[in-house]
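# Report on the structure
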Amino acid sequence: MKKMHIELTINGKQVETLAEPRELLIHVLRERLGLTGPHIGCETSHCGACTVDLNGKSVKSCTIFAAQANGATITTIEGIAGPDGMHVLQNSFREHHGLQCGFCTPGMITRAWRLLQENPTPTEEDVRFGMAGNLCRCTGYQNIVKAILAAASELNSAKEAAQ
Amino acid sequence: MNDQTPTHDERVAGLKGLGSSRKRVEDARFTQGKGNYVDDIKMAGMVYGDFVRSQYAHARIKSVDSTAAKAVPGVIAVLLAADLAPLGLHWMPTLAGDKQMVLADGKVLFQGQEIAFVVAEDKYALADALELVVVDYEELPVVVDPFKAMLPDAPVLREDLAGQTKGAHGERVHHNHIFRWELGDKPAVEAVVADADVVAEEMVYYHRTHPCPLETCGCVASMDKINGKLTLWGTFQAPHVVRTVASLLSGIPESNIRVVSPDIGGGFGNKVGVYPGYICSIVASIVTGRPVKWIEDRMDNLMATAFARDYWMDGKIAATKEGKITGLWCHVTADHGAFDACADPTKFPAGFFNICTGSYDIPVAWLGVDGVYTNKAPGGVAYRCSFRVTEAAYFIERMIEVLAIKLNMDAAELRRINFIRKDQFPYNSALGWEYDSGDYHTAWDKALKAVNYDALRAEQTQRVADFKAGKTRSLMGIGLSFFTEIVGAGPIKNCDILGMGMFDSCEIRIHPTGSALARLGTISQGQGHATTFAQILATEIGIPADQIVIEEGDTDTAPYGLGTYGSRSTPVAGAATALAGRKIRAKAQMIAAYLLEVHDNDLEWDVDRFVVKGVPERFKTMKEIAYASYHQAIPGLEPGLEAVSYYDPPNMTYPFGAYICVMDIDADTGVADIRSFYALDDCGTRINPMIIEGQVHGGATEAFAIAMGQEIAYDEMGNNKSATLMDFFIPTAWETPHYTTDHTVTPSPHHPIGAKGVGESPNVGGVPAFSNAVHDAFRPFGLTQSHMPHDHWRIWRIAEQLGLHG
Ligand code: FES
Ligand code: FES
């Protein structure tokens, strides 16, 4: 099948690649662009392991074609940490044991990163509801929820301190 | 020592050893997307393989035409059974002593069975080619019900076994029969049942489900033709076993096979077995001369690799009118699907199901298990469970509840009067186990008190009255569960897999500058071995856990071990780690004695150093000793500081626990709302409380899923109705309950550090807690038994059948 030219801004960098129009975004990220942080748990939009941030929204990257993302700005787990090290959420997942096998973790953190921008002061209910698109088979979610709530309050205290 | 010397307590804390909630060393890479899972592996020239799978549950394969598939640009090869036959690889042995088709040999026996293996340059060309392979089927009658499979005129499923009246586990009494396993004293039990004051009888079904780790199974096989070395990366819970099997099957010397388990995205039993995908990838790599990657998709995973449970457990429990249990009778019809591909120790065709007398002092018992073939996927793996222990725990915990109904007695009290007492340990059960230790009454009392049991019962009584008075439509269930696990397989005298004893191992190297490397025969799939095994060792050898690197999963470097499943890592490899550490310490003591110019016996161990008794300022730290071992000639001792231990456990370990679930049920919608879930675990010595708690949350959530909705269901035609995550229930953060964890500590008397293992306890104990809560809500209205999974519809149906909808 004839390939098309796709341009993306991923984790702050301009990239381009050739891909068939039918290729899913997750496959292009993993196979063509070497970004193996987002994982594949189902390829049917149920598990959220492939979650990336696309133009400011959490998107399951097995749900769309790379062609549909042409021109988009994407953040993957590889782009969540800043120049000064790990993001608060990444540390918080470690601190609160919010991961075990780690397979869901990239999608979880990428989703939580957007969730906390959408709602910087979530309740436990907000977090449980807002994370319901991401499945985890290991943790039972309790420590994931804890990690996200702790990250939210840490980010908020940092914001207050800066003001 | 001087003022600068850290105190004893500071040094202990600095080790981050046993008992510390040390943060995990694995997390830095996983939280940054830098894990290395099998699908992340990319090699020069790598190609992709995938299967054409059967649409039918039972059919003869008249022909397979791959002409069109081969014409797709990028397609390199199509393998059929006929291509594997000359190598003798069209069938493979299963871990249960049966054999299984690698590629369909004349017929298919379950939907999703592998028929052809197609290899192509990329995934999309591969998908195109799979569509174009034309299989001509002749449908055959399908049997999905194990009872119907055993009828005299049932269709013959395994034609390859025609005329074989002996199987791997004794006599086969029918063409679809696999084995009969019998234990205990049948006449004695029958006599007890005949004379008992009270007998409760029930058929308890534990439905078919699937471990469904978030990462599916897969591998990359690479045959290097120049040096003759085969490397196989894959999702293997037992990499050394895979190496041995690969060698036996292929004839390649074991020394020329390297098996590597990279990071594994959850296993839960799914990744113990050997699957056709591994064999076909190896063959394809040999044939094409290129690395071949096979990754199953979710549908393949749910349809073809490793289901769990599917046990029909028929029980009779006898008791005095005061409630003292006098005997237990149990017959299981075990649906194994098309091939017996259970991953149980060889001598245990039904795993450790004979732990089904549970936590109770039952004087006589009988167990019979009949394994049966049906047109369903093979497997029968231990899904977060030690070989059928979940089935056993569910059975006995349901039988106790049914007996309580019969006796009109409180089920908590019935358990209490039947528990094995603390002074009875070590306790020999009627079905042949020696329980090493336990203190059930203490745990039970602590649990009942923690949930305020009496108040809950009073609330429930009020709720029933209100319901009957039309004041509420909500019912309340209190789900009790007390379980005894049997883990840590196992003693070589009775536990082996394919003849290999189920020992495990640890090899330690102390570096000259005092840090260390330890390698084990196990493999983490999320349990955090790199964190916890370093903790065991830190306490044993006085080197901080942060300076101990743990490696597992590469058969070229790790010592031989039987892998990680059945909660065996801590009981077996954890023991090997402690004992290898003790060997290090023994040599270190001799070195220290030389350096300090005293006799070995004049030294005592103090956290991280040997100290001359009574002279605290004279000591050598482990770090100093390590340096000396490489730099100084010490008379009578070899240089270096290394040790290895292969540990054959003297007994299994027996973790136990008390779980209590409180549930509110809407009688009109069938929706169950988990109000609270309390989990008390006794896993002996606790290595890392944070990780234990995480294991309990995760296992309890899998139990929640299984009890409340998760199921691999088939229709009469053998179509798998639950092969996507749309249909197969995996709870999200939204419906998953909140857990309260608690513990008691009864160390294992025979384990070097007293640890027992915990990973599977919450699944074993959790399922009966959830299920008993549903049953308990309807007990006042006459319900005795209703099969899992208790999804909304099934709960609604219970209410309907009990006439609660008016
Ligand atoms: S892989 Fe995209 S949602 Fe599961
Ligand atoms: S940590 Fe394993 S799936 Fe979430």
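Residues numbered from 1 in each chain as written. Chains lettered and ligands numbered in written order. Predicted model: local features only at pLDDT ≥ 70, side-chain atom pairs only at ≥ 80, totals over all residues. Heavy atoms only, no water.

### Let's talk about the overall build of chain B
Counting its regular elements, chain B contains 20 helices and 35 strands. Its C-alpha radius of gyration of 28 Å places chain B within 12% of the 28 Å reference for a compact globule of 806 residues. Taken along its principal axes, the extent of the C-alpha atoms in chain B is 85 × 75 × 50 Å. Within chain B, the proportion of its 806 residues that are buried is 66%. (Helix = DSSP H or I, 4+ residues; strand = E, 2+ residues; numbered from the N terminus. Rg over C-alpha atoms; globule rule 2.2 N^0.38 Å. Buried < 20%, exposed > 50% of the residue type's maximum accessible area, 1.4 Å probe, protein only.)

### Some words on the packing of aromatic side chains
Residues and elements named next belong to chain B. Tallied over the full model, the rule gives 42 aromatic pairs over all chains. Summarising the aromatic geometry, the rings of Tyr206 and Tyr394 are spaced 5.4 Å apart at their centres and angled 70° between planes, so their arrangement reads as edge-to-face. Residue Tyr206 is located in strand β12 (residues 198–209), and its partner Tyr394 is located in helix α11 (residues 389–407); the two are separated by 188 residues in the primary sequence. Accessibility assignment for this pair places Tyr206 and Tyr394 in one class, buried. Taking 6.2 Å as the distance between ring centres and 45° as the angle between the ring planes, the aromatic pair formed by Phe503 and Tyr560 counts as tilted. In this pair, Phe503 is assigned in the loop between β25 (500–501) and β26 (504–510) and Tyr560 in the loop between β28 (548–552) and α16 (569–596), connecting sequence segments 57 residues apart. You'll find Phe503 and Tyr560 in the same group, each marked buried. Through a chain of ring-to-ring contacts, three or more aromatic side chains come together here, namely Tyr360, Phe419, Phe425, Tyr440, Trp444, Phe482 and Phe656. For the cation-ring pair, Arg29 lies above Phe30, with the distance from its terminal atom to the ring centre recorded as 4.7 Å. (Phe/Tyr/Trp six-rings, centres within 6.5 Å; stacked < 30°, edge-to-face > 60°. Lys NZ or Arg CZ within 6 Å of the ring centre and 35° of its normal.)

### Side note on the domain arrangement of chain B
Residues and elements named next belong to chain B. By the assigned domains, chain B splits into domain 1 (8–35 + 504–647), domain 2 (38–140 + 216–264 + 271–304) and domain 3 (307–489 + 652–801). Once you take the C-alpha centre of each, domain 1 and domain 3 turn out to be 38 Å apart. If you look at the interface, domain 1 gives 29 residues, while domain 3 gives 26 residues. Interface area for domain 1 against domain 3, summed over the two sides, is near 1,800 Å², with a carbon-plus-sulfur share of 63%. (Domains from an automatic or database assignment. Contact = heavy atoms within 4.5 Å. Buried area = accessible area lost by both parts, 1.4 Å probe.)

### Concerning unusual backbone geometry
With an omega dihedral of -25°, the bond running from Ala489(B) to Gly490(B) counts as a cis peptide bond. Across the junction of Met788(B) and Pro789(B), the peptide omega takes the value -10°, indicating a cis bond. Within the element layout of this structure, Pro789(B) appears in the loop between α19 (761–778) and α20 (792–801). Not every positive phi belongs to a glycine, and Glu43(A) is a case in point at roughly 65°. If you trace the backbone, Glu43(A) turns up in the loop between α1 (25–32) and β3 (51–54). By relative accessible area, Glu43(A) is classed as partly exposed at 29%.

### Points about the confidence of the model for chain B
Scored by pLDDT, chain B comes out at a mean of 95, with 100% of its residues at no less than 70. Across the assembled chains, the prediction reports ipTM 0.98 with pTM 0.97. (pLDDT = per-residue confidence, 0-100.)

### A short note on the pairing of β3(A)
Residues and elements named next belong to chain A. What you see with β3 is no split at all: Thr51 and Asp53 on one side and Val52 and Leu54 on the other are buried throughout. Alignment of β3 against strand β4 (residues 57–60), held across four bridges, turns out to be antiparallel. Bridge assignment links Thr51 to a residue of β4, and that residue is Lys60. Taken together, β3 and the strand that follows it, β4, pair antiparallel across an intervening segment of two residues, in which Asn55 is found at a positive phi of about 50°. (Pairing = 2+ DSSP bridges.)

### Details of the interface of chain A and chain B
Each partner contributes to the interface: chain A provides 49 residues, whereas chain B provides 54 residues. Buried area between chain A and chain B, summed over both chains or domains, comes out near 4,500 Å², and the portion from carbon and sulfur atoms is 55%. In this assembly, chain A and chain B are joined by six salt bridges. The salt bridge partner of Glu702(B) is Arg137(A), with a shortest N-O separation of 3.7 Å. Across the chain A-chain B interface, the total number found is 25 residue pairs in polar contact (both at pLDDT 80 or more). Of all the elements in the fold, those that place two or more residues in the side of chain A that touches chain B are α1, α2 (88–95), α3 (105–118), α4 (124–130) and α5 (142–162) of chain A. (Salt bridge = Lys/Arg side-chain N within 4 Å of Asp/Glu carboxyl O. Polar contact = N/O pair within 3.5 Å; in protein donor to acceptor, adjacent residues only side chain to side chain.)

### Let's talk about the packing of α2(A) against α3(A)
Residue and element names in this part refer to chain A. Relative to each other, α2 and α3 sit at 125°, their axes nearing to 10 Å. When the axis of α2 is compared with that of α3, the two are oblique. As α2 packs across α3, the resulting crossing turns out to be right-handed. Contacts from Leu89, Gln90 and Phe93 in α2 reach Thr105, Met108, Ile109, Ala112, Trp113 and Leu116 in α3. (Axes fitted to C-alpha atoms, helices over the stretch in contact; angles between N-to-C directions. Parallel < 35°, antiparallel > 145°, perpendicular 65-115°, else oblique. Left-handed = near helix turned anticlockwise from the far one by under 90°.)

### Examining the nonpolar core
Proteins that are soluble and globular tend to have nonpolar side chains buried together. Residues and elements named next belong to chain B. Grouped together as the largest cluster of nonpolar side chains are 224 residues, with contacts concentrated most on Phe352, Phe353, Met663, Phe770 and Phe778. Top contributing element to this core by residue count: α11, with twelve residues. What Met663 contacts, discounting residues up to four positions off in sequence, is Leu475, Met476, Gly477, Ala672, Asp673, Ile674, Arg675, Met708, Phe770, Ala773 and Val774. In this structure, Phe533, Phe610, Met622 and Ile687 belong to the second largest nonpolar core, which totals 46 residues. (Core = buried A, V, L, I, M, F, W, Y, C linked by side-chain atoms within 4.5 Å.)

### Re the side chain of His790(B)
You can see His790(B) is positioned in the loop between α19 and α20. Look past the residues within four positions of His790(B) in its chain and what remains in contact with it is Tyr394(B), Ala707(B), Met708(B), Gly709(B), Ser771(B), Val774(B), His775(B) and Ile795(B).

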